[in-house]
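# Understanding the architecture of this molecule
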Amino acid sequence: MTMRAAERAPLIAPGASSIEDIDVECIRREETQSHASTSTSAWGRVGRVAGAVVVASVAFAGSVAVVAHARAPVAASMPQLPRLGGTSEWRRMVSRGEVSRNDLNMAARVPEKTCSATPLTNDANDYFIKKTIDALPDLAARLGTRGGDFPHSYDHHEVEAGFMTGTNNAREESPYALPSGGYVKKIKQHGDRAMVYHFIHIPKAGGTYFNEVLANVMRSLNNKFGSATPGAGAGGVYANWITNPLLDATAHGVFQTTHYMLNKSAPFGTAKLARDYALGRRMFSKGSFNMGLCSATDAPCMYLTVLRNPFDRFMSHYKYSCLEGAEERALWLPEWKAKGECPLDPLQWFQYTQGDDWTHLLAPGAYPRDSECHVETVKANLKSGCMRYLLTEKLADGLTKMRDHLPDFAGLNVNSLKSLFTNGSASRLTPALKARLDRYTSDEDMMNRIKKSMIHQFKVYDHAVENYEAQWNRPLETC
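Heads up: these notes are all about the structure in this document. Along each chain, residue indices are assigned from 1 in the same order as the chain's sequence is written. The predicted origin of the model limits local features to residues at a pLDDT of at least 70 and limits the giving and counting of side-chain atom pairs to 80 or more, whereas totals for whole chains, interfaces and linings rest on all residues. Side-chain measures here rest on the full set of heavy atoms in the structure, leaving out hydrogens and waters.

### Let's talk about the overall build of the chain
Counting from the N terminus, the helices are DSSP H or I runs at least four residues long and the strands are E runs at least two residues long. What the chain contains, in helices and strands, is 18 helices and seven strands. Exposure is judged per residue with a 1.4 Å probe applied to protein chains only, and the accessible area is read against the type maximum: over 50% gives exposed, under 20% gives buried, and values in between give partly exposed. Counting all 479 residues of the chain, 61% fall into the buried class. For the chain, restricting intrachain contacts to residue pairs at least 6 apart in sequence, the fraction spanning at least 24 positions comes to 81%. Carbon and sulfur atoms make up 50% of the accessible area of the chain, which amounts to about 17,600 Å² in all. Whether two residues are in contact is decided by their heavy atoms, any of which lying within 4.5 Å being enough. The accessible surface values rely on the Shrake-Rupley method and a 1.4 Å probe; as for residues, cover is taken only from the protein chains in view.

### Considering the state of the cysteines
Only a pair of cysteine sulfur atoms within 2.5 Å qualifies as a disulfide here. According to the stated counting rule, one finds four disulfides in the structure shown. Put simply, Cys115 and Cys373 are joined by a disulfide, and their sulfur atoms are 2.1 Å apart. Between Cys115 and Cys373 the sulfur-sulfur dihedral comes to about 75°; the bridge is accordingly right-handed. Here Cys115 is found in strand β1 (residues 114–115), whereas its partner Cys373 is found in helix α12 (residues 372–382), with 258 residues between them in sequence. By relative accessible area, Cys115 is classed as partly exposed at 43%. Residue classification places Cys373 among the buried residues on the basis of a relative accessible area of 9%. One disulfide bridge connects Cys386 with Cys479, the sulfur atoms lying 1.9 Å from each other. As the torsion about the S-S bond is roughly -55°, the Cys386-Cys479 disulfide counts as left-handed. Within this pair, whereas Cys386 is found in the loop between α12 and β7 (387–391), its partner Cys479 is found in the segment after α18 (468–472), the two being separated by 93 residues in sequence. Across the pair, Cys479 and Cys386 agree in class, each one buried. Here the disulfide map of the chain reads 1-6, 2-3, 4-5, 7-8, the bonded cysteines being numbered as they appear in the sequence.

### Let's talk about the sheet that holds strand β6 (residues 301–307)
Think of a sheet as strands paired side by side through backbone hydrogen bonds, with each pair either parallel or antiparallel. Ordered in space as β4-β5-β3-β6-β7, the five strands form an open sheet in which the pairing is parallel. For this open sheet the edge positions go to β4 (247–248) and β7, each flanked by a neighbour on one side alone. For strand β3 (residues 196–200) and strand β5 (residues 283–287), the ladder comprises five bridges, and the chain directions are parallel. Each bridged residue has a counterpart across the sheet, and for His198 the counterpart in β5 is Ser285. Along the sheet, helix α5 (residues 207–225) contacts β3, β5, β6 and β7; its crossing angle with β5, the most-contacted strand, is approximately 165°. Note: two strands are recorded as paired if DSSP finds a minimum of 2 bridges between them. Angles run from 0 to 180 degrees between N-to-C directions of axes, and those axes are lines fitted to C-alpha atoms, restricted for helices to the stretch in contact.

### Concerning the nonpolar core
For soluble globular proteins, the rule of thumb is that nonpolar side chains tend to be buried together. Only buried residues count toward a nonpolar core. Its members are Ala, Val, Leu, Ile, Met, Phe, Trp, Tyr and Cys residues joined through side-chain atoms within 4.5 Å. Ranked by size, the top nonpolar core spans 84 residues in total, and within it Phe210, Phe284, Leu307, Leu362, Leu399, Met402 and Phe409 carry the most contacts. If one sorts the elements of this core by residue count, α5 sits on top with eight residues. Residues Cys322, Leu333, Cys342 and Ile450 belong to the second largest nonpolar core, which totals 30 residues.

### A word on unusual backbone geometry
The omega angle of the peptide bond from Asn244 to Pro245 is 15°, so this bond is cis rather than trans. Among the secondary structure elements, Pro245 is positioned in the loop between α5 and β4. At Lys204, a position not held by glycine, the phi torsion is positive, near 65°. Among the structural elements, Lys204 can be located in the loop between β3 and α5. Even without glycine at this site, Lys264 takes up a positive phi of about 55°. Inspection of the secondary structure puts Lys264 in the loop between α6 (254–262) and α7 (270–279). Taking the relative accessible area as the measure of exposure, Lys264 reaches 34% and is therefore partly exposed.

### Focus on the packing of aromatic side chains
Stacked, edge-to-face and tilted are the three classes for Phe, Tyr and Trp ring pairs, Trp counted by its six-membered ring, which pair at centre distances within 6.5 Å; planes under 30 degrees apart are stacked, over 60 edge-to-face, the rest tilted. Within this structure, the stated rule accounts for 12 aromatic pairs. When the centroid spacing of 6.4 Å and the interplanar angle of 35° are considered together, the rings of Phe128 and Phe289 count as tilted. Residue Phe128 is located in helix α3 (residues 128–135), and its partner Phe289 is located in the loop between β5 and β6; the two are separated by 161 residues in the primary sequence. Classification of Phe128 as buried rests on a relative accessible area of 3%. These aromatic residues form a ring-pair network of at least three members: Tyr318, Trp336, Trp349, Tyr352 and Tyr440.

See the structure below:
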């Protein structure tokens, strides 16, 4: 698939076939708007909150001013957090050295909240994208538009961010919780097979590679049984999905995909899904915004994701987006572009990306931090009967387990797919940049400070490693 310029994003290798572009869009839009801002200080006004921790600066970022509405009233004394995303004043402060190197914990500014993380009832109204759509009535006129002119989530990140990270509620923390088993759907599950597979993309964890794996599986199933989404081809109704042939759950298309699924628009009608499921046809989605999207369909559904050692993932992102200046230096400030260099060391990059977090993608509705409510909900979601995860460090083993335990993936040729995994940055660094990186990585104090600031990420990852084998030995229970 050919990439379009507006779709490029920092964490996708050149030539990749799918993209996510939230932060790139924020930067480019702010640059064209002459960096207009209503904020009178670096920390913004009361009521401005951190809407989303930058997920490898791609999955989600946005300048967040919480908008009050009926579904989620905003408390009068919300925490004052640095503005996130784009070329925000916070990022400029970091780049100018105005932020203390001890200031590593954005989440410390989030007040303690009551925890409400009980498993949900498969109600689509609990899905944070559905909440965003409901909170923005002006979207209704545009949703359902066929062609390229439809709303993107990054057009409305101010509201969406509040639902995604729970910062629109100062009193209660409500991370999205999957059931330990599954949900009974109108279309009955048959064996260890789902009708819809949602891949939750965590950037710099092998996701681009895994996306190619899913696309290969989908093409194979389509050739054998026919396509469940015949309108998704070139020139078809869903040709604007940038993840084509997968359903689009990226910032580019998740609003539209959710709208079609909730309204049972073709090909998401219950009767059609039931026929396709019986015939062996399947749907797959890719994006970072699809935790909860299973609630939008009457068909058996499950989630897949790929996890990576948090520190290794962070350093991969640093090499790729800062040192290498990937995607036309998309995450660089204008002054860096003028000088031809990202000047930040890894510790400053950690501040610049405000923790470079990803855990809230697996349990949206809570700010990603070391709270029992957030961490335990993410752990429980990974152990849910309708979730399976792979580890970047054991990708070949994970693919083998998918092939052996999920019949829809029985045709996976693991050996032939290994050649697709080429998204690395080390070989593209110049000798000078390699020397600079070596100087940083030999600084044990700096490296340890970054690791200690990722404590909640490591709690989730260590739990995943510990339960990796066991998850594959239980039956699939779809959501």
